[in-house]
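Residues per chain are reported as follows:
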Amino acid sequence: MEAGTSAVIRTLPEGLPSLARLREMGLLPGTRLTFVRRAPLGDPLEFMVRGALLSLRGTEASLITVEVQP
Amino acid sequence: MSTGVSPGMVYALVGNPNCGKTTLFNALTGLRQKVGNYPGVTIERKEGDCFSQHGVRLKLIDLPGSYSLNARSPDEAILRDVLLGRRSDTPRPQRIICVVDASNLERNLYLFTQVVELGLPVILVLNMVDVAESGGLRIDVPKLSERFGVPVVPMVASRKQGLVELKLAMSRADLPPPRALLDALPVPVRGALVRSREALAAAGVVSGTASPLEPLYLISGNDPTHYGIDAAALAIIRNARAQLEREIPGWEDRMVSARYDAIMAAMDEVLHRPATASATLTDRIDGLLLHRVWGWLALGGMLAFLFYLIFSAVEIPMNAIEDSFRWLSGKITSWMAPGDFRDLLTDGVISGVSGVLIFLPQILLLFFFIGLMEDTGYMARVAFLMDRIMSRVGLNGKSFLPILSSHACAVPGVMSARSIESPRDRLITILVAPLAACSARLPVYLLLIAAMVPTGAVPPLFKAGMMLGLYASGILAAFGFAWLFSSRILPGKPSPLILELPGYKMPAFSSILRQMWSRAWMFIRRAGTVIMGLSILLWAASTYPKLPTPAGQEPDKSAALAHSMAGRLGHFIEPVLRPMGADWKIGVGLVSSFAAREVFVSSMSVIYSVEEQDGDDDDTLRGRLRDRLRDEKRPDGSPVYTPALCVSLMIFFVFAMQCLSTIAVVRRETNSWKWALFQLAFMTGTGYLLAVAAWQTAQFLGL
């Protein structure tokens with residue numbers, strides 16, 4: 001994804017403790033998010049979700065599948 | 001006839017991190033607050049008194065900020081346990097004020113949907129409505145209130161806007177319990193929870209009248225601490241969890257979705273969003289501060305400015321503190337007859353107190369900057385920028401600031417590690433932060449560099465390079481040990497980084513100053529008492545037993561020190577020190593420097609009888625001590641302070657834990673002597689072994 005693109009979350013693996021908190025922070029299948037930027041050193045990544053700016057590492061972000069929206 | 005709230009009613013403040021909860025707590029309680037710790041954990045416990053609109057005194061508890069009641073860290077467990085009335089040290093709140101960030105309503109309401117299910121009356125505070133409005137969001141307050149059955153108060157807590165309305169709501173005698181959103185739960189989950197409540201009630205873990213949801217928060221998540229729950233009851237909780245997991249796989253995930261569905265349905269009615277989102281101020285500032293060039297320059301510039309203040313501007317108050325204690329000790333010397341009691345006051349008590357207070361300006365300044373960075377929202381950006389580097393050694397971006405602060409003083413560094421949620425990352429950060437070259441090492445390094453290389457013999461750049469090398473060794477040591485601990489000693493998965501980057505806001509200086517002072521006061525109280533006691537002990541060790549002095553003769557301080565316990569201790573440990581090239585005199589200096597590193601310089605002056613003269617400043621005193629060190633000879637006539645010895649001592653000072661304040665603070669922050677002593681052992685042990693290795697290598701090479 002390029003900075004500024006929006007996407008909708010398709011799947012989030014269930015039962016992973018590292019993703020449980022993200023779910024509680026509103027990252028659920030069907031949630032729209034915008035990729036804001038990469039940190040200058042390449043990791044972590046910053047997303048806009050439900051009006052909040054959230055940052056996670058590539059390791060966690062790569063577990064989430066999204067569908068890019070125009 | 002009374003229609004208002006009953007006096008002494010206990011309110012709890014809950015909310016997400018960064019929702020302005022603490023600002024609201026300060027606005028409500030003013031100076032009537034008590035800050036302490038929950039027993040057994042180092043989580044700040046804040047309680048205060050406030051008055052209802054009709055002057056009735058109410059109690060307010062500020063609970064740790066959290067995104068959810070499904071506890072995943074010790075602070076979140078405190079939040080849950082206080083709300084459920086499970087902590088014997090804190091009264092169960094009778095009412096809850098739930099603070100949400102109005103500009104981020106959906107996510108903030110998640111915690112609210114959990115809180116209303118506890119069955120207590122709730123007041124919903126929509127904080128920062130000004131930010132929401134400037135973003136084009138419109139919230140239908142009456143409809144929101146009707147939907148959830150709770151009073152809703154729009155506020156701007158930082159400007160005390162809406163405070164009267166909140167106090168009016170708090171004053172109501174008849175606050176109704178909210179409409180619980182139980183129907184948001186999937187039916188099989190609800191059934192399973194009712195069954196586990198029965199089992200837990202039979203075991204006495206929850207009361208029979210508890211909400212069916214109480215077991216939910218006990219059995220969900222990866223709770224680190226089950227406060228006050230015995231092993232048998234814990235087994236029931238584990239079983240209930242396993243059973244739910246079998247019957248309804250992914251039940252927790254389904255519950256989260258159900259809650260968000262309920263929130264989204266409410267938002268459709270209540271929230272009006274602008275058609276197009278415009279770039280906010282936060283976006284524009286982040287464009288600069290997280291930029292791949294400007295971001296680093298801004299961070300570097302800010303840190304350079306901070307360290308400039310720490311190392312130069314703070315000199316003025318530090319000197320003032322030193323001078324005033326010197327003045328006081330001079331006054332006592334002239335008022336009192338010479339004797340042990342006078343020496344106890346001047347050399348024991350006063351030097352102990354001043355040894356603690358001398359670092360207070362630095363500590364206050366660091367706490368102020370840390371508070372400023374936290375309050376404006378920049379702290380999260382620093383963690384975002386630095387995470388990649390810190391993750392290389394198994395830490396996360398939030399560990400950067402504690403380690404950086406430790407370059408001024410490890411005390412605020414260790415205390416600021418509280419902002420790291422993961423207990424494992426926090427412990428590793430606390431263990432390695434004191435390896436950073438703190439400012440108390442600076443006078444020792446300056447003395448040893450001066451003793452090692454004669455002025456004029458090498459270009460000044462060489463000395464600067466050595467100093468830089470010593471600082472770099474500290475950083476490398478901290479990173480190296482962090483790597484070692486995270487991969488070998490405390491294995492376990494590094495916790496994932498989930499970092500919220502809150503919107504930038506103007507700092508609330510009054511709360512920053514209040515927090516700065518309360519942290520500093522905690523340091524003075526805890527570390528101060530330990531240091532005062534030990535510095536009296538140290539004074540006694542370097543005074544007794546006394547060397548008999550013939551009447552009318554000036555006592556020889558150097559000989560007296562050699563005769564004292566400290567001197568004997570120096571002799572006693574000499575065999576241990578010889579492999580690193582040191583003799584008993586250095587041993588006395590090292591023993592005394594375990595109180596605080598900079599004491600090394602003053603005790604070396606005593607040992608070598610380098611007397612302070614009127615009008616001396618630190619530089620000239622250090623200069624004379626340096627000359628005296630260069631003249632010091634071994635019994636065979638060779639100089640003692642060879643470059644090899646100086647290097648060996650420098651290495652020792654880079655690694656060794658020689659700071660009672662830090663030990664006292666680490667003991668407090670980790671809540672165990674075990675980690676404080678482990679740190680003392682690994683740091684000092686490494687320092688000793690490497691110093692021995694350096695000296696032996698130099699001997700072998702004939703240097």
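Residues numbered from 1 in each chain as written. Chains lettered and ligands numbered in written order. Predicted model: local features only at pLDDT ≥ 70, side-chain atom pairs only at ≥ 80, totals over all residues.

From N to C terminus, chain B includes 30 helices and 10 strands. Oriented by its inertia axes, the alpha-carbon framework of chain B measures out at about 90 × 60 × 55 Å. Looking at chain B residue by residue over its 703 residues, the buried ones come to 46%. Considering only contacts within chain B whose residues lie at least 6 apart along the sequence, 72% involve residues at least 24 apart. (Helix = DSSP H or I, 4+ residues; strand = E, 2+ residues; numbered from the N terminus. Buried ≥ 20, exposed ≤ 12 C-beta atoms within 10 Å, placed from the backbone. Contact = placed C-beta atoms within 7 Å.)

Across its full length, chain A carries two helices and five strands. Listed by position from the N terminus, the elements making up chain A come as β-α-β-β-β-α-β. The C-alpha radius of gyration of chain A comes to 11 Å, within 12% of the 11 Å expected for a compact globule of 70 residues. Expressed as a percentage of its 70 residues, the buried residues of chain A come to 39%. Within chain A, contacts between residues at least 6 apart in sequence are counted, and of these 45% link residues at least 24 apart. (Rg over C-alpha atoms; globule rule 2.2 N^0.38 Å.)

Taken together, the 31 residues of chain B in the interface contact 29 residues of chain A. Secondary structure elements with two or more residues in the side of chain B that touches chain A: α3 (105-115), α10 (251-270), α12 (294-313), α16 (378-391) and β10 (498-500) of chain B. Of the residues that constitute the side of chain B that touches chain A, the class distribution is 14 nonpolar, eight polar and nine charged. Pairing analysis gives three bridges linking strand β4 (residues 52-56) of chain A to β10 of chain B, with the strands arranged antiparallel. Bridge pairing in β10 of chain B links Ser55 of chain A to Leu499 of chain B. (Nonpolar A, V, L, I, M, F, W, Y, C, P; charged D, E, K, R; others polar. Pairing = 2+ DSSP bridges.)

Moving on, we come to the domain arrangement of chain B. Residues and elements named next belong to chain B. Under the domain assignment used here, chain B contains domain 1 (10-180), domain 2 (184-272), domain 3 (294-439 + 490-522) and domain 4 (524-701). Measuring from the centre of the C-alpha atoms in domain 1 to the corresponding centre in domain 2 gives 22 Å. Listed by partner, the interface residues are 28 residues for domain 1 and 22 residues for domain 2. Secondary-structure elements contributing two or more residues to the side of domain 1 that touches domain 2 are α2 (74-83), α3, β7 (138-139) and α5 (141-148). Top contributing element to the side of domain 1 that touches domain 2 by residue count: α3, with five residues. Residues that form the side of domain 1 that touches domain 2 fall into these classes: 12 nonpolar, five polar and 11 charged. (Domains from an automatic or database assignment.)

With that settled, the discussion passes to the sheet that holds strand β4 (residues 57-62) of chain B. All names here are of chain B. With mixed pairing, the seven strands of this open sheet are ordered in space as β2-β3-β4-β1-β5-β6-β8. Each end of this open sheet is capped by a strand with a single partner; those strands are β2 (33-37) and β8 (152-154). Strand-to-strand twist of the sheet, defined as the mean angle between neighbouring strand axes without regard to direction, takes the value 25°. Sheet topology places strand β1 (residues 10-15) next to strand β5 (residues 95-101); five bridges connect them, and they run parallel. Paired with Leu13 across the bridge in β5 is Ile97. (Axes fitted to C-alpha atoms, helices over the stretch in contact; angles between N-to-C directions.)

Before going further, it helps to spend a moment on the pairing of strand β1 (residues 6-11) of chain A. All names here are of chain A. Pairing of β1 with strand β5 (residues 65-69) involves five bridges; the strand directions are antiparallel. Across the sheet, residue Ala7 finds its bridge partner in β5, namely Val68. The pairing of β1 with strand β2 (residues 32-38) spans three bridges and is classified as antiparallel. Looking at β2, one finds that Ser6 is bridged to Thr34.

A word on the packing of α3 of chain B against α10 of chain B. All names here are of chain B. Where α3 contacts α10, the axes come no closer than 10 Å and their chain directions differ by 125°. It follows that α3 is oblique to α10 by the angle criterion. Our pair here, α3 against α10, has a crossing hand that is right-handed. Here Leu105, Glu106, Leu109, Tyr110 and Thr113 of α3 lie close against α10, whose contacting residues are Arg259, Tyr260, Ala262, Ile263 and Met267. (Parallel < 35°, antiparallel > 145°, perpendicular 65-115°, else oblique. Left-handed = near helix turned anticlockwise from the far one by under 90°.)

So, about the confidence of the model for chain B. Do not read the fine detail of predicted coordinates wherever pLDDT is low. Across chain B, the average pLDDT comes to 85, with 93% of residues at or above 70. Complex prediction metrics read pTM 0.85 and ipTM 0.95. (pLDDT = per-residue confidence, 0-100.)

What follows covers the sheet that holds β5 of chain A. Whenever strands of a sheet pair, they do so through backbone hydrogen bonds, lying parallel or antiparallel. Strand order across the open sheet formed by six strands is β5(A)-β1(A)-β2(A)-β3(A)-β4(A)-β10(B), with antiparallel pairing between neighbours. Only two strands of the sheet have a single neighbouring strand rather than two, namely β5 of chain A together with β10 of chain B. Shown here is a sheet whose adjacent strand axes are inclined to one another by a mean of 35°, direction ignored. Where strand β3 (residues 45-49) of chain A and β4 of chain A come together, five bridges link them in antiparallel fashion. Across the sheet, the residue bridging to Leu45 of chain A is Leu56 of chain A, located in β4 of chain A.

The subject of this paragraph is the nonpolar core. All names here are of chain B. Residues Leu13, Cys98, Val100, Leu124, Val125 and Met650 are the most contacted members of the largest nonpolar core, which totals 210 residues. Considering every element that reaches this core, the biggest residue donor is helix α28 (residues 643-655), with 10 residues. Non-local contacts of Val100, meaning those with residues more than four positions away in its chain, are made with Gly15, Cys19, Leu105, Asn108, Leu109, Phe112, Leu124, Val125, Leu126 and Asn127. (Core = buried A, V, L, I, M, F, W, Y, C linked by C-beta atoms within 7 Å.)

Below, the discussion takes up the environment of Leu645 of chain B. Residue and element names in this part refer to chain B. Within the secondary structure, Leu645 sits in helix α28. The exposure class of Leu645 is buried, given the 24 C-beta atoms found within 10 Å. Residues Leu645 and Ala102, 543 residues apart in the sequence, show an inter-C-alpha distance of 63 Å.

The next thing to look at is unusual backbone geometry. Omega for the peptide link from Asp43 of chain A to Pro44 of chain A comes to -5°, which places this bond in the cis form. Looking at the element boundaries, Pro44 of chain A is found in the loop between β2 and β3. For the bond running from Tyr544 of chain B to Pro545 of chain B, omega is -15°, close enough to zero to count as cis. Among the secondary structure elements, Pro545 of chain B is positioned in the loop between α22 (509-541) and α23 (557-563).

So, on to the pairing of strand β6 (residues 122-127) of chain B. All names here are of chain B. For β6, the tally of buried residues reaches six of six residues, placing the bulk of the element in the interior. Both β5 and β6 contribute to a ladder of six bridges, which runs parallel. Bridge assignment links Val99 to a residue of β6, and that residue is Val125. In this fold, the crossover linking β5 to β6 by way of α3 has right-handed handedness. Here β6 runs beside β8; their pairing, made up of three bridges, is parallel. Across the sheet, residue Leu124 finds its bridge partner in β8, namely Val152. (Right-handed = clockwise from strand over helix to strand, strands pointing away.)

The next thing to look at is the packing of helix α29 (residues 660-670) of chain B against helix α30 (residues 673-701) of chain B. All names here are of chain B. It is at 7 Å that the axes of α29 and α30 come closest, and there the two elements cross at 140°. Judged by the angle between their axes, α29 and α30 are oblique. Considering only the axes of α29 and α30, their crossing is right-handed. Across the interface between the two elements, Ile663, Val666, Arg667 and Thr670 of α29 pack against Trp673, Trp675, Ala676, Gln679 and Leu680 of α30. When the residues that make up the contact of α29 with α30 are grouped by side-chain class, the tally is six nonpolar, two polar and one charged.

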